Amino acid sequence: MTLAYVRTEDAPKRPPPATTAGTWARLRDQFAPTPLSGLATIVIAALLAWTAWTIIHWALISAVWSAPDREACNAVGAGACWPFVKAKALQWVYGFYPIEERWRANLVFLLGGISLLGLLVPQIPLKGLNALFFFLIYPVLTFYLLRGDHFGLVRVDTDQWGGLLVTLIVALTGIVASMPIGILLALGRRSKMPVVRSLSTAFIEIVRGVPLVTVLFMASVMFPLFMPPGVNPDKLLKALIGVALFSAAYMAETVRGGLQAIPKGQYEASMAVGLSYWRMMLLIIMPQALKVVIPGIVNSFISLFKDTSLVSIIGIFDLFNMVQSGFNDAKWASAQTGNTGYFVLGLVYWAFCFAMSRYSQFIERRLNTGHKR
Amino acid sequence: MKSIKSLILASVFGLAATVAASAGTLDDVKARGQLICGSNPGLTGFGTPDDQGNWTGFDVDFCRAVAAAVLGDAKKVKFVPLSAKERFTALQSGTIDVLSRNSTWTMSRDSTLGLSFAGVTYYDGQGFLVPTKLGVKSAKELGGATVCVQTGTTTELNLADYFKANKMEYKVVAFEKNEEVLKAYQEGRCDVYSTDQSGLYAEVLKFTTPTDHMVLPEIISKEPLGPVVRQGDAQWFNIVKWTYYALLNAEELGVTTANVDEMKTSANPEIQRLLSIKSKNEDGTEADNDFGKGLGLGPDWAYNAIKQVGNYGEIFDRNLSQLKIARGKNALWRDGGLQYAPPIR
């Protein structure tokens, strides 16, 4: 039976509407689905282009590339003052470290770089040995290499260390020391022993309750007054301890967040199979807890890395302070000197922080925590 | 509340001072073979690192002169850059031997901190920067002007006093940060920029058209800057004070780095006393003219300082002429300035 209103063959295929397929349509859907959003796209694109052009014009096109001193950089319409960066670059890396002794700092950079690479890249074997070297031998080695006074090396006191060298020393010390101290504090705060719990809580709350600047000031200005004359611990050492304790308090809270995310059943199950407290923590709880809080940990690291610039307030010549002190050099003081210095400074800090951020994303993917959203 | 705080502070500082002052600074410096000098972490013309990382500047050179006088070598000095907040405690706790870091001599610092100012190496004070197109040649012509200043400093108070005393009207545009003040001035939001005069000269360096601006000659406040030592060590205080006076006397007598060797044969008794050259008295006896002895220093104390660092005028020119700072109040007394040294005799 055939019905007049029922088709017997398929309707001819028609091409998809031009407005919903193809590159053009996709672009339009993403950037200008309505006239108003189209306008917004144009405005934002124009702003971006304008910003990019301003930076490129300043940093490249109208920049001064070579000059013996400030004169050229001070001309009307001059852009970035690159000769200033060139003249001061090595100072920014090594600070006041004696020029003929800089190979020692280079050696420290090289050893640290190789060891860190070995630790960070999963494919490289000998992780255990490498970790032993990096966390125990390397710090001692760094100290003796940089300070000297042994093995025929000239003594270079810590007040001559500076620039990126000091920034990395402060950041790495803070990062490496804050992790174990922070974990212990976090466990202490959740402990059932009242003394341990209250001491840990008090430490965390007190240290978190004051700004890092205050901690550094106390260490550098007030501390010497309470010491017998002649006893004045090294300024850098005081800053290192201050930064490490400060970041440990924050780390403790990050780790505690991870501990709270682990279901109670995990604790009970570990205890049921007869694990001691430390083995339970080491084998069952911590591996899970730390995985959960990787973003938080890296967040702490990044903010710590940037906080290292605060040591400049107590007169330590870290990268930030070193760059700034160059602005006042009468040979280079010009309208663009400061801008150029801060521009480079920003790029350096950004490069380090961005690298840390990317690495943490990589680790998260690799560990596949199952908590990812 | 405030008095309790200052009492505690004073007792803490006082204790530190008495404890630290018990050792002789001169002996310490000699034993160490190095002078430790508190310096500025970065102030144009007064203390900045150059391209090789050597500290240069007016305050820094003064420390070099002290090192040359005491140890015979201007290079035997270690600079400890200090922030404004930690400078005095560093001196009190004995971390540094002398503080040469544009510190203003005030009564309270002299009387309550356990410190002594050894002289005024630089007379600074609040000054005015104006665009040349304003056509003003003196601060007395600033009636009705808009003045850009930083808030929370004595700058504003000094300004009020000065304009009131001279019966002139003015308007203040104040900002929290120095950079903002400077920007406002450059954008023409005010006619005048006011801060310490040495600071004005340093800022002009950063202007793209420095010739369009001028620093007015007047100074309306007193900011006497000088080296500081711990109270209670009279010998060390004298050494720092007389090193400064020796540099001044050298300029007055025309003794420079270049001619100090020739000057050793000079017949001028004042130069002979400055450089410890033996001379004949009128009765035929020999005067050894060794004034370093009284300081506990060798006879070459002033010679070394002048030879290796230069006299006061040379130090001034080397560090501050590139900022186009005029001698002004820092000219020698005979040229109408305030720099006056007691005689060496």
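Counting from 1, residues in each chain are numbered in the order their sequence is written. Lettering of chains starts at A and numbering of ligands starts at 1, both following the order in which they are written. Per-residue local features are limited, in this predicted model, to residues with pLDDT of at least 70; the limit for side-chain atom pairs, both in listing and counting, is 80 or more; totals at the level of whole chains, interfaces and linings are taken over all residues. As a rule here, side-chain values cover all heavy atoms of the structure and leave hydrogens and water aside.

(A) Summary view of the overall build of chain A. We count a stretch as a helix when DSSP gives it H or I for four or more residues in a row; a strand needs E for two or more, and each element gets its number in order from the N terminus. Counting its secondary structure elements, chain A contains 15 helices and zero strands. Put simply, the radius of gyration uses C-alpha atoms, and a globule should come to 2.2 Å times the residue count raised to 0.38. The C-alpha radius of gyration of chain A comes to 29 Å, more than 25% above the 21 Å expected for a compact globule of 373 residues. Based on the C-alpha atoms only, the size of chain A along its principal axes is roughly 110 × 75 × 40 Å. Working definition: with a 1.4 Å probe on protein chains only, accessible area under 20% of the residue-type maximum means buried, over 50% means exposed, and in between means partly exposed. Buried residues in chain A amount to 40% of all 373 residues. Long-range pairs, those at least 24 residues apart, make up 66% of the contacts in chain A with a sequence separation of at least 6. Accessible area for chain A stands at about 21,000 Å²; split by element, carbon and sulfur atoms hold 70% of it. Residues are treated as being in contact if the distance between any of their heavy atoms lies within 4.5 Å. Only the protein chains shown count as covering a residue, and every accessible area follows the Shrake-Rupley method with a 1.4 Å probe.

(B) Spotlight on the sheet that holds strand β8 (residues 126-131) of chain B. Residue and element names in this part refer to chain B. Ordered by their spatial adjacency, five strands build an open sheet running β10-β9-β11-β8-β12, and the pairing between neighbours is mixed. Single-partner strands in this sheet number two, and they are β10 (170-175) and β12 (213-215). Strand-to-strand twist in this sheet, taken as the mean axis angle between neighbours without regard to direction, amounts to 30°. A pair of strands is considered paired only if DSSP assigns at least 2 bridges between the two. In this sheet, β10 lies alongside strand β9 (residues 145-150) in parallel orientation, the contact comprising six bridges. From the neighbouring strand, valine 147 faces β10, where its bridge partner is valine 172. Sitting on the sheet, helix α6 (residues 154-165) is in contact with β8, β9, β10 and β11 (192-196), with an inclination near 80° to β8. Axis definition: a line fitted to C-alpha atoms, over the contacting stretch in the case of helices. Angles run 0 to 180 degrees between N-to-C directions.

(C) View of the pairing of β11(B). All names here are of chain B. Examined bridge by bridge, β8 and β11 share four bridges and lie antiparallel to one another. For glutamine 126, the partnering residue across the bridge sits in β11 and is aspartate 196. Pairing analysis gives two bridges linking β9 to β11, with the strands arranged parallel. From the neighbouring strand, cysteine 148 faces β11, where its bridge partner is tyrosine 193.

(D) Summary view of the packing of helix α7 (residues 163-189) of chain A against helix α8 (residues 194-209) of chain A. Residues and elements named next belong to chain A. The interhelical angle for the contact between α7 and α8, taken along N-to-C directions, is 125°, at an axis separation of 7 Å. Of the possible angle classes, the one that applies to α7 and α8 is oblique. The element α7 and its partner α8 pack so that their crossing is left-handed. Judged by residue contacts, Leu185, Gly188 and Arg189 of α7 engage Val196, Arg197, Ser200, Thr201, Phe203, Ile204 and Glu205 from α8. In terms of residue class, the contact of α7 with α8 is built from four nonpolar, three polar and three charged. Each angle receives one of four descriptions, namely roughly parallel if under 35 degrees, roughly antiparallel if over 145, roughly perpendicular if within 65 to 115, and oblique otherwise. The sense of a crossing depends on the near helix, which, turned anticlockwise from the far helix by less than a right angle, makes the crossing left-handed and, turned clockwise, makes it right-handed. Under the scheme applied, nonpolar residues are Ala, Val, Leu, Ile, Met, Phe, Trp, Tyr, Cys and Pro; charged residues are Asp, Glu, Lys and Arg; polar residues are all the others, including Gly.

(E) Looking closely at the interface of chain B and chain A. Of the residues lining the interface, 31 residues belong to chain B; the matching set on chain A comes to 34 residues. Buried area is understood as the total, over both parts, of accessible area removed when two parts are fitted together, assessed with a 1.4 Å probe. Carbon and sulfur atoms make up 56% of the surface buried where chain B meets chain A, a total of about 2,600 Å² over both sides. Together, Asp51(B), Leu205(B) and Lys206(B) form the three largest contributors to the area buried by chain B at its contact with chain A, with a combined 22%. Throughout this description, the term salt bridge denotes a Lys or Arg side-chain nitrogen within 4 Å of a carboxyl oxygen of Asp or Glu. Counting across the chain B and chain A interface gives three salt bridges. For this analysis, a polar contact is any N or O atom pair within 3.5 Å, provided that within protein one partner can donate a hydrogen and the other can accept it, and provided that sequence-adjacent residues contribute only side-chain to side-chain pairs. Seen at the junction of chain B and chain A, the total is 13 residue pairs in polar contact (both at pLDDT 80 or more). Of all elements in the fold, only α1 (2-20), β2 (48-49) and β4 (77-81) of chain B reach the threshold of two or more residues within the side of chain B that touches chain A. Element by element, the count of residues in the side of chain B that touches chain A is highest for α1(B), at four residues. Here the side of chain B that touches chain A is built from residues that sort into 13 nonpolar, 12 polar and six charged.

Distances and angles like these do not, on their own, reveal function.
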